[in-house]
Amino acid sequence: MTHKALTHGRSIAVVVVVAVVMLLAGIAIGMAISPGGSTQIATTIHVPITQVVTSTRPAQISVIDALGREVVFDGVPKRVVSLAPSVTEILFALGLGDRVVGVTSFCNYPPEVPRLVSEGRISVIGGFWNPDSEKVVSLKPDLVIGSAGTRPHLQLKDLLEEAGIKVVYVYGNDAGSLYDVVRDIRTIARIFGVEDAAEKLIKEIEGEIGSVTITIANATRGSAGPKVLFLLGPPAFGLYSAGGDTFIGWIISAAGGVNIAGKFSGWPVLDYEYILSNDPDIIVVSAMGTNYTELVKEIGSTPLAETKAYREGRVYLVDQEANDVLMRPGPRIASAVKLMASIIHPELFGEPETPVVYRMAGPAKP
Amino acid sequence: MSQEVISGSRRKFLFLALLLTVALAVSLLFSLSVGTSLVSPKEVLTCLIAFECGKSAKLVVDMRFVRACVAALSGAMLALAGTLVQGLTRNPLADPYIIGVSSTSLAVVSAAVLLSPSVLVHRQVLIAVAFAGALLGYILTTTISLLSGGSGTSLVLSGIAVSALFSGISHVLLYLSQNRIAQLGRNYVFLLLGSTSGVLRQDITYLAISLATSLAIIFVLGIPKALNAYLFGELYASQLGYRVRALTATTALVSSVLTGATVAVVGVVGFIGLAGPHIARISAGTSDHRATVVLSALTGSILTVLADALTRAISAISSWGELPLGVVTGIIGAPFLAYLVVKGGRG
């Protein structure tokens, strides 16, 4: 009886159930695969603020890092390895350069970093995405600082802790605003007991950004700024942009622009229809070491040529130092806001001066 | 008696082909009315039927048209390649990437980016490099396969060897070049993940030329009929007068051209090449390649057009941006395939 029911009467129901289950599974897989999707949103929900945990023994310092872990230090670390360019920049900006024994091959700022590396006083422990765990351990550090948004850094945690090395994660590439960067600076400063230097640095950064935002606010008087499209690489590589919860997204809005990909999260792929229907006034492209004139010509051969930005000659390519400044959530965030402000509001701040920003030659002929 | 059976199945084939063509036309129309900008479907329809377009509506319809055409062509090409490869290997689980074209393509692209990042600037150069890489994969696989006798099994095994070697190489190369390709939170494996979001008008031409050439080769050389004989064994096919080595090499070449062109233009799109042929076979009720070659192209086309429209709809309402096409083709196609399998198994 049940056998018969299963083969005849309920077969359609079985098919429907199978189809629904597969659909749900498919959506779940899709969400897991979708680049920078829900995982990134989830990490920003429980924001662990770097708390000052008052300890009875002044020698012992405890910080809560970007992953919400409590890390306790018995003394001030003397040998530090930085796994991210932004962390290296923070360490040097706080005057802790003499503690740094290892950096990534991407760490090129401040200029003394490459000098110390070539003198052999700082070792290179691999790239930002592929730190060499053996090299890190062989430097015998007391502390390794990594970026919470970078999976290879998280994978190092257990290995390093097993070797008795303390690991602290800052927001790093997961930073979505100035406030995350400020938290990173405070976390690092607290470990080394240099809170005064940190507050001075933060005040400086906030002051510089404040003066930019006030200038913009006075000039625009509350009207919405120009629409900005940011592209991560040449369009032929895919129309990857920066969502509203990314560092670049925050820089664009702080500099008085409206990020047209602001409604997305992480690093979304856009299409030409979306871009044209939002008609950006300014296009900023991370050039990734390509040939600038060729890249502008290529942009002109895509539907991007129909945008107001291209017609008015407001396509900017950022590369090398300009690209580093915009991409690294570190102490140069004020320079990043200034750079973006001079791209968005050249009438207020003059054309950008940071090397290398390339503006396409003249307005295109209509 | 046998004559009647043939004419009966021919009538069924013609009916199915007509039905699927109409379905394709409907899906294209549906695809044109879905998008990330706020142009109403009504406006799109008047633009298409009455040729009365606002300037912005025309621009939007133009771009959607390019995407829909690329999706339709690449879906047809992948499913067609899948039918050929499944016949060639006599393996229902074979998909067109089994010849090794996608991994060699990725390896060659990443080597080119490592040598000169300016390769990334020109879409045409990128497409040419990726296509050359796909053909390199074909040449390697067929050479190894011919050296080992040229049978269907040796082709699968050589394809697996070439894929394994080159996906290893491409991962090493991408690891080295990732400071250029992926500076931020993006992992390098997303390169070549299929999407039609950045396609241009010229891409339609590339795909159309590859498809037309392949179809010409398929029908001029009578590959479907030869594959029918080949299904019963290499010996059987050679007794009927077919040159087995030439047949396997040509069929593999055609599949590689079809797959390589889609890899170069839209990237790797899963599911279509594997399931498209099955959907065509089950709904036609026959494995006759003369029928399934045409029907699989149509079903692959419909599935990809619908999946592409769905990625745009998702992008419009969610915060994820455009999802990879291969994920969505699976979500749309898998329940349908499951339904057909259950129905076919019972009937």
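Residues numbered from 1 in each chain as written. Chains lettered and ligands numbered in written order. Predicted model: local features only at pLDDT ≥ 70, side-chain atom pairs only at ≥ 80, totals over all residues. Heavy atoms only, no water.

1. Looking at the side chain of Ser-145 of chain B
Part 1 of the reasoning: Tracing the backbone through its elements, the reader meets Ser-145 of chain B in helix α5 (residues 123-147).
Part 2 of the reasoning: Contact partners of Ser-145 of chain B, with chain neighbours within four places excluded, come to Gly-150, Ser-151, Ser-154, Leu-155 and Ser-158 of chain B. (Helix = DSSP H or I, 4+ residues; strand = E, 2+ residues; numbered from the N terminus. Contact = heavy atoms within 4.5 Å.)

2. Considerations on the pairing of strand β7 (residues 166-170) of chain A
Residue and element names in this part refer to chain A.
Part 1 of the reasoning: With respect to burial, β7 is a largely interior element, four of its five residues being buried.
Part 2 of the reasoning: When strand β6 (residues 143-147) meets β7, the two strands line up parallel, connected through five bridges. Following the sheet pairing, Gly-146 is matched in β7 by Tyr-169. (Buried < 20%, exposed > 50% of the residue type's maximum accessible area, 1.4 Å probe, protein only. Pairing = 2+ DSSP bridges.)

3. A short note on the environment of Thr-250 of chain B
Residues and elements named next belong to chain B.
Part 1 of the reasoning: For Thr-250, the position within the fold is in helix α10 (residues 244-265).
Part 2 of the reasoning: What makes Thr-250 partly exposed here is its relative accessible area of 23%.
Part 3 of the reasoning: Ignoring any residue separated from it by four or fewer positions in sequence, one finds Thr-250 in contact with Ile-217, Leu-221 and Ile-223.

4. Thoughts on the sheet that holds strand β12 (residues 357-359) of chain A
Residue and element names in this part refer to chain A.
Part 1 of the reasoning: Across the sheet, which stays open at both edges, the five strands sit in the order β9-β8-β10-β11-β12 with mixed pairing between neighbours. The outermost strands of the open sheet, each flanked by one partner alone, are β9 (258-259) and β12.
Part 2 of the reasoning: Pairing of strand β11 (residues 315-318) with β12 involves three bridges; the strand directions are antiparallel. If you follow Leu-317 over to β12, its bridge partner there is Tyr-358.

5. Regarding the packing of helix α3 (residues 55-89) of chain B against α10 of chain B
Residues and elements named next belong to chain B.
Part 1 of the reasoning: Look at α3 against α10: their axes get within 9 Å of each other, and the N-to-C directions meet at 150°. The angle between α3 and α10 falls in the class roughly antiparallel. Of the two possible hands of crossing, α3 and α10 adopt the one that is left-handed. Between α3 and α10, the residues in contact are Val-70, Ser-74, Met-77, Leu-78, Leu-80, Ala-81, Leu-84, Val-85 and Leu-88 and Thr-248, Thr-251, Ala-252, Val-254, Ser-255, Leu-258, Thr-259, Ala-261, Thr-262 and Val-265, respectively. (Axes fitted to C-alpha atoms, helices over the stretch in contact; angles between N-to-C directions. Parallel < 35°, antiparallel > 145°, perpendicular 65-115°, else oblique. Left-handed = near helix turned anticlockwise from the far one by under 90°.)

6. Focus: the pattern of salt bridges
Part 1 of the reasoning: All chains considered together, the criterion is met by 25 salt bridges over all chains.
Part 2 of the reasoning: A salt bridge links Arg-328 of chain A to Glu-89 of chain A; its shortest N-O distance comes to 2.8 Å. Taken together, the residues span a long stretch of sequence, with Arg-328 of chain A in the loop between α15 (320-327) and α16 (333-344) and Glu-89 of chain A in helix α4 (residues 85-93) at a distance of 239 residues. Accessibility classification places Arg-328 of chain A together with Glu-89 of chain A in one group, the buried group.
Part 3 of the reasoning: Where Arg-123 of chain B meets Asp-203 of chain B, a salt bridge forms, and the shortest distance between an N and an O atom there is 2.8 Å. A residue pair is termed long-range when its members are at least 10 positions apart, and Arg-123 of chain B in helix α5 and Asp-203 of chain B in helix α7 (residues 201-220) qualify at 80 residues. Pair check on accessibility: Arg-123 of chain B and Asp-203 of chain B agree, each one buried.
Part 4 of the reasoning: Here the residues in one salt-bridge network are Glu-89, Glu-321, Asp-324, Arg-328 and Arg-332 of chain A, joined through shared partners. (Salt bridge = Lys/Arg side-chain N within 4 Å of Asp/Glu carboxyl O.)

7. Focus on the nonpolar core
Part 1 of the reasoning: By size, the foremost hydrophobic cluster in this structure holds 142 residues, and its most contacted members are Leu-91, Leu-94, Ile-185, Ile-188, Ile-251 and Ile-333 of chain A.
Part 2 of the reasoning: Counting residues per element, this core draws most heavily on α3 of chain B, which supplies 10 residues.
Part 3 of the reasoning: Ignoring any residue separated from it by four or fewer positions in sequence, one finds Leu-91 of chain A in contact with Val-80, Ser-82, Leu-96, Gly-97, Val-100, Ile-145, Ile-188 and Phe-192 of chain A.
Part 4 of the reasoning: Core analysis: the second largest hydrophobic core is formed by 27 residues, Leu-276, Val-296, Ile-299 and Val-315 of chain A among them. (Core = buried A, V, L, I, M, F, W, Y, C linked by side-chain atoms within 4.5 Å.)

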